[in-house]
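Coordinate inspection notes
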Amino acid sequence: MYISKSELVLYSKKDTSSLVEWPIVVAGQLLAPTGNPDDDDDWKHVDLSISPGVILATGWALNEKLQETDHTNPFAEIDQQTFVRHCVQIEMSTSKDVLKDFPIVADYLIGLAILESNMANKSTGNGVNQRVGPYQFSTEDWARFRDLGLQGSPTSPHRIENAFHQVQAAADFTHNNLKKLDAAHKAAVATDAGDKYVADFLNVFQAHLIGPEAAYACVTSFESNSGDISMRDVLLKHYSTDASLVDALIERRKKYLKVFDEVARVHQFFAVTEKALDRVLKRAANLIAEHMPEVVPNNQSGGAPWFKIASDLESRGINESNSAQEIIGMFKATDSGITTLEHWCGAFVAHCLVSASDVVADPAIKQSIVSGSARAANWANWGDIPLSSKHKTIPQGAVVVLSPSDGTGTSGHVGFFHSRNGDFVFLLGGNQSNSVKVSRYRASRIRAIRWQHFSSLNPDLEAGAITINTEQIPSGREDIVKMIVESFAAAGFGNLQQIAALANAIRESKLNPNAHNTSGEDSVGLFQCNRDGGLGTGKTVGWLKNPQNNIDLIISEAKKYADFKNANTIEDAVREFVYKVERPRDKPGETKIRIGIAKKLLG
């Protein structure tokens, strides 16, 4: 028997150009030799198993990727750093595509894996009750994931055992539950068709446990002070009229649905789930700060310019009594066309962003305003970094969306994060007691916290366009040059850092996004991210060949090193990039070569 030493692929023949798409084998997964007479010192013909005796696929694997073992567990131990970074990358990718209407947050994905398996890649149960991986999915769960059709959901069952593919499934299930919670809210509450119900983490976790319709019924019951209803009665009404199915669900989720062997009441269900989720969200926030600090906003960076605009309006005492026309004018920053005094918290946020955009001459701030910005719930899509209330660092000016107050019929409330104290959050916003002021709200009402990085937030960003010696650019790769330079600039890196990155990409791949080196490594794309223990670990070849993905991955790594960001000579910028970000094998020789390329790029 063998296990894979690192992520590998099976090939249809002893030829690395004949890649079989299904499946990708994760580190530590079980492979059994077939005894094929064509086995040799380089190749082994093996069967891939999800569990002993269950063969998923057969193919050729490189011997250097295999390790003999008596181990019978096909599930690799999860590398915590890789898993956390993958969850964050899933969050970032889903915020830009078909899932963006209901944003997915890495904190929740990580927390859910901790609750389901303590972030372990394991198999429990057997037969129809077998559940596998960090999210403990069954084959029935996996079939539902494939049927969702989101994100190009796989058509093969073979990836259920892959921890990293399970993250995508968890994201898709979460998005689907968010949509169903929104539909349940619209069916229950008279609201504008354009308004959107943005559930909080607890809502979503409860939907994961018992289904979105039953979860929404629990919310309405809890908020209407009728939380003494038995969860069994709620489930029978909203989950299934088949008592045996309900009892099976209660037994499976007894940690949350039973108290002292009795079926929990709604208020008890809330207390148990809230306590469990609070614990793992704190742990998730700490894991993100530890393993991917570049995505955690720095609250000491000088503050958001739109927060300063909001503070000025507060100091002027703006309210509906003395400034009605000025408040109505704030709706011009939205796409609503409103010309009367209506709920104006969303218009206030948009107005502050527009004003800040003009003050700091950064049009990207104005362009970031969401569609339907007059409605509070739509701000849950703003920015590029979703945060949870458990993050230790939430910058002043982060956009916070709250659930609606009882009986208001609105989509909720939105304002700028000011501070927090225990179970309360303080927001600086408009339409707070009909004024611009700082007000206190229960943190349990938070539906979303969003942040956005802009180049104007980085005072060290060098101004002006880069002049590049085009003789150093491989023919036909001009668009790739533009993509690299603009991406690094948008991430807050100056001219020297942009040139250093470009020089490294030229050296690594000649700016060929499809470059794939399998000689002693498995490196792919513009920056040759290594899938064998390097930055490309956990990523497919196809994903890494996408040039923007490859660039975003290297930028995430580059943000970890202040010495690279602060380098003030091209030699230092290249040296820091080579030694800390790119890390090629021949560091001294490669540094000299890449400095030479960078100097030629600068002409």
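Throughout what follows, the structure given in this document is the object of discussion.

1. Overview of the overall build of the protein
Looking only at helices and strands, the protein features 21 helices and 20 strands. In the protein, which comprises 603 residues, the share counted as buried stands at 54%. Surface accessibility of the protein: about 26,200 Å² in total, with carbon and sulfur atoms responsible for 47%.

2. What to know about the nonpolar core
Ranked by size, the top nonpolar core spans 67 residues in total, and within it F83, L109, I110, Y135 and I210 carry the most contacts. Filtering out sequence-adjacent residues up to four positions away, Y135 remains in contact with F83, C87, L109, I110, L112, A113, E116, Q166, V167 and A170. The next biggest cluster of nonpolar side chains, apart from the first, holds 52 residues, and it includes W306, C352, V401 and F417.

3. Looking at the packing of helix 15 (residues 478–490) against helix 16 (residues 495–509)
For the pair helix 15 and helix 16, the least separation of the axes is 9 Å and the interaxial angle reads 140°. For the element pair helix 15 / helix 16, the angle class is oblique. The chirality of how helix 15 crosses helix 16 is right-handed. Contacts between helix 15 and helix 16 involve V481, I484, V485, F488 and A489 from the first element and Q498, A501, L502 and A505 from the second. Within the contact of helix 15 with helix 16, the residues separate by chemical class into 8 nonpolar, 1 polar and no charged.

4. Remarks on the sheet that holds strand 20 (residues 529–530)
Here we have 3 strands laid out as an open sheet, ordered 18-19-20, and antiparallel in their pairing. With one partner strand each, in any of the chains shown, strand 18 (516–517) and strand 20 form the two edges of the open sheet. Sheet analysis places strand 19 (residues 523–524) next to strand 20, joined by 2 bridges and oriented antiparallel. When the sheet's bridge partners are listed, V524 is paired in strand 20 with C529.

5. Here's the deal with the pairing of strand 14 (residues 413–421)
Sheet topology places strand 13 (residues 399–402) next to strand 14; 4 bridges connect them, and they run antiparallel. Considered in strand 14, the bridge of V401 is made with V414. For strand 14 and strand 15 (residues 424–432), the ladder comprises 5 bridges, and the chain directions are antiparallel. Among the inter-strand pairings, F417 is bridged to a residue of strand 15, identified as L427. In textbook terms, the turn of a hairpin is the stretch between consecutive antiparallel strands, and for strand 14 and strand 15 this stretch comprises 2 residues, one of which, G422, has a positive phi near 60°.

Basis of the calculations
- Residues numbered from 1 in each chain as written.
- Predicted model: local features only at pLDDT ≥ 70, side-chain atom pairs only at ≥ 80, totals over all residues.
- Heavy atoms only, no water.
- Helix = DSSP H or I, 4+ residues; strand = E, 2+ residues; numbered from the N terminus.
- Buried < 20%, exposed > 50% of the residue type's maximum accessible area, 1.4 Å probe, protein only.
- Areas by Shrake-Rupley, 256 points an atom, 1.4 Å probe, with all protein chains shown as cover.
- Core = buried A, V, L, I, M, F, W, Y, C linked by side-chain atoms within 4.5 Å.
- Contact = heavy atoms within 4.5 Å.
- Axes fitted to C-alpha atoms, helices over the stretch in contact; angles between N-to-C directions.
- Parallel < 35°, antiparallel > 145°, perpendicular 65-115°, else oblique.
- Left-handed = near helix turned anticlockwise from the far one by under 90°.
- Nonpolar A, V, L, I, M, F, W, Y, C, P; charged D, E, K, R; others polar.
- Pairing = 2+ DSSP bridges.

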